[in-house]
Amino acid sequence: MSVLALVGGQWGDEGKGKVIDSLAANADMVVRYAGGDNAGHTTVNPHGTFRLHLIPSGIFYPEVTCIIGNGVVVNPAVLMREISELREHSVGTHNLLVSDRAHLIMPYHTLLDSLEEDRRGRGAIGTTQRGIGPAFVDKVARIGIRVGDLMDSAVFRARLELVMEQKNALLTSLYGHPGMSVDEVFNQYIEFAEQMRPHVVDSLPIIHQALKRGDRIMLEGAQGALLDTDFGTYPYVTSSSPLAGNATLGSGIGPTQIERVIGVFKAYATRVGSGPMPTELKGEMGDFIREKAREYGATTGRPRRCGWFDAIAGMYSVRINGMTEVALTHLDIFDGFESIKICTGYRIDGAFTTEFPAQIERVERCEPVYEELPGWQECTEEISEYSQLPVNARKYVDTISNLLDCRVSLVSMGPKREQMIEVNP
Ligand code: IMO
Ligand code: MG
């Protein structure tokens, strides 16, 4: 048995897509377990450069079964667009399956996402406006529509009529919107149904048979621990859990089956959207990192907020995920830095702490306490063995590993699949 969960350790955009794309060479199955097309997983491989939002990053290996798990919310329009983009680059999708238990993102979800954001005004979350929050709300409110429902037009029609009566009442009364036509939504989605049908399955027997055979299964997370609904900077969070614990629920695998949890962290910190970020660099250094690392959202194109590595938030993330190892990405961004800072504590109202606070009002008041490490001047992009990394780069990796109390097993430099090396293999 070998099940590995791969999760984001920060605020998303840690490089999960790249790490999955590299590791999937040794996998039999990749299952996406959370989020929706708010995710943007960038991979650069011999087929080209791709930003996947829904399809698991193992899709470039034809023999790897890729499953969009039950824990994902699926926008069929995005899915079909992604399939055709892959095909244009001669990447087949015969190995792509979609769980019939996954919930659908409907046009009223995307509409409500933007109307709700407008209504929040200055308190806007800065969502990706992909309808993620409203879709998960409906799932828990038991008025969601699932992929399996869409496969039967009579069932779909009945559910749609019931839900849209409620949505139209909300749209007109609260938002002054004219409402949406049930027929239009129905006709559009019935077309999607036929396009999606070859991929739709009950994913559980397939996953459970793979487990029984001892296949190598990777559970692909989306977003990051600090965007988790319970443990993130609530309410500036996403609406499904990115944590390793949810990898079981979002795929239908029991917690006893997961052997390894790899947390992906960037060598620095980024955040896109609103909400507190203790190590954010608002001046020149933040701009420098953003431009050098091209830190612009893969889903929305928004500039990402950049800052130093936050080892307090990182240690918290290691614990709530039960990480067994860490993959550290974008290390090359620090090539040429005189020195690099790591946050090793916070001062809140004068008191020192190493615990990540629950309330955003306290996170906002965190003044980071830094440890400063010497940088390195060498270019690390072409290095293919850990021992060849500059000594100060290895020191930086060791320091992070010690502070997080978790082994860094992989480091990655540059965007390409092969630019990833094992630490002390
Ligand atoms: P990947 O998988 C970075 C952020 C949004 C916003 C908040 C809520 O690429 O790491 P939502 O649309 O989910 O309701 O927005 O979460 N967010 C992400 N930030 N990477 C992501 O995914 C994200 N998915 C959502 O910017 O702040
Ligand atoms: Mg992203």
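Residues numbered from 1 in each chain as written. Chains lettered and ligands numbered in written order. Predicted model: local features only at pLDDT ≥ 70, side-chain atom pairs only at ≥ 80, totals over all residues. Heavy atoms only, no water.

Regarding the packing of aromatic side chains
(1) Moving on: A full pass over the atoms with the stated rule returns 14 aromatic pairs.
(2) Moving on: With centroids separated by 5.6 Å and ring planes inclined at 80°, the aromatic side chains of Phe334 and Tyr396 adopt a geometry described as edge-to-face. Here Phe334, found in the loop between strand 15 (325–329) and strand 16 (339–348), pairs with Tyr396, found in helix 13 (residues 391–404); they are 62 residues apart in sequence, far enough to count as distant. Both residues of the pair, Phe334 and Tyr396, count as buried.
(3) Moving on: Here the aromatic residues Tyr268, Phe288, Trp308, Phe334, Phe337, Trp376 and Tyr396 are joined through ring pairs into a cluster of three or more. (Phe/Tyr/Trp six-rings, centres within 6.5 Å; stacked < 30°, edge-to-face > 60°. Helix = DSSP H or I, 4+ residues; strand = E, 2+ residues; numbered from the N terminus. Buried < 20%, exposed > 50% of the residue type's maximum accessible area, 1.4 Å probe, protein only.)

Examining the domain arrangement of the chain
(1) Moving on: Along its sequence, the chain is organised into domain 1 (2–100 + 198–261), domain 2 (103–196) and domain 3 (265–422).
(2) Moving on: Distance between the C-alpha centres of domain 2 and domain 3: 37 Å.
(3) Moving on: At the interface, six residues of domain 2 touch five residues of domain 3.
(4) Moving on: Across the domain 2 to domain 3 interface the summed buried area is about 370 Å²; carbon plus sulfur atoms make up 41%.
(5) Moving on: Three residues stand out in domain 2 for area buried against domain 3, namely Gly126, Thr128 and Arg130, and they jointly supply 70% of the buried area on that side.
(6) Moving on: Applying the counting rule to domain 2 against domain 3 returns zero salt bridges.
(7) Moving on: Summed over the shared surface of domain 2 and domain 3, the result is four residue pairs in polar contact (both at pLDDT 80 or more).
(8) Moving on: For the side of domain 2 that touches domain 3, the per-class residue count stands at two nonpolar, three polar and one charged. (Domains from an automatic or database assignment. Contact = heavy atoms within 4.5 Å. Buried area = accessible area lost by both parts, 1.4 Å probe. Salt bridge = Lys/Arg side-chain N within 4 Å of Asp/Glu carboxyl O. Polar contact = N/O pair within 3.5 Å; in protein donor to acceptor, adjacent residues only side chain to side chain. Nonpolar A, V, L, I, M, F, W, Y, C, P; charged D, E, K, R; others polar.)

Side note on the pattern of salt bridges
(1) Moving on: Here the structure, examined in full by the defined rule, presents 22 salt bridges.
(2) Moving on: One salt bridge connects Arg159 with Asp149, and the closest N-O pair in it is separated by 3.1 Å. Taken together, the positions of Arg159 in helix 6 (residues 153–175) and Asp149 in helix 5 (residues 147–150) put the pair ten residues apart, joining distant regions of the chain.
(3) Moving on: With a shortest N-O distance of 2.9 Å, Arg365 and Asp349 are connected by a salt bridge. One end of the pair, Arg365, is in the loop between helix 12 (360–364) and strand 18 (367–374); the other, Asp349, is in the loop between strand 16 and strand 17 (351–353), with 16 residues separating them in the sequence.
(4) Moving on: With a relative accessible area of 56%, Asp349 lands in the exposed category.
(5) Moving on: Look at the salt bridges and you will find they share partners, linking Asp13, Lys266, Glu295 and Arg304 into a network.

What to know about the site of ligand 1
(1) Moving on: Around ligand 1, 20 residues are found, and the nearest of them are Asp13, Lys16, His41, Thr128 and Thr238.
(2) Moving on: Contact distances for ligand 1 include 2.9 Å between an oxygen atom and a backbone N or O atom of Gln223.
(3) Moving on: Between ligand 1 and Val272, the relevant distance is 3.0 Å, taken from an oxygen atom to a main-chain nitrogen or oxygen of the residue.
(4) Moving on: Contact with the protein chains hides 98% of the accessible area of ligand 1, taken as 550 Å² for the molecule alone.
(5) Moving on: Class assignment for the residues of the shell around ligand 1 results in seven nonpolar, ten polar and three charged. (Near = heavy atom within 4 Å. Areas by Shrake-Rupley, 256 points an atom, 1.4 Å probe, with all protein chains shown as cover.)

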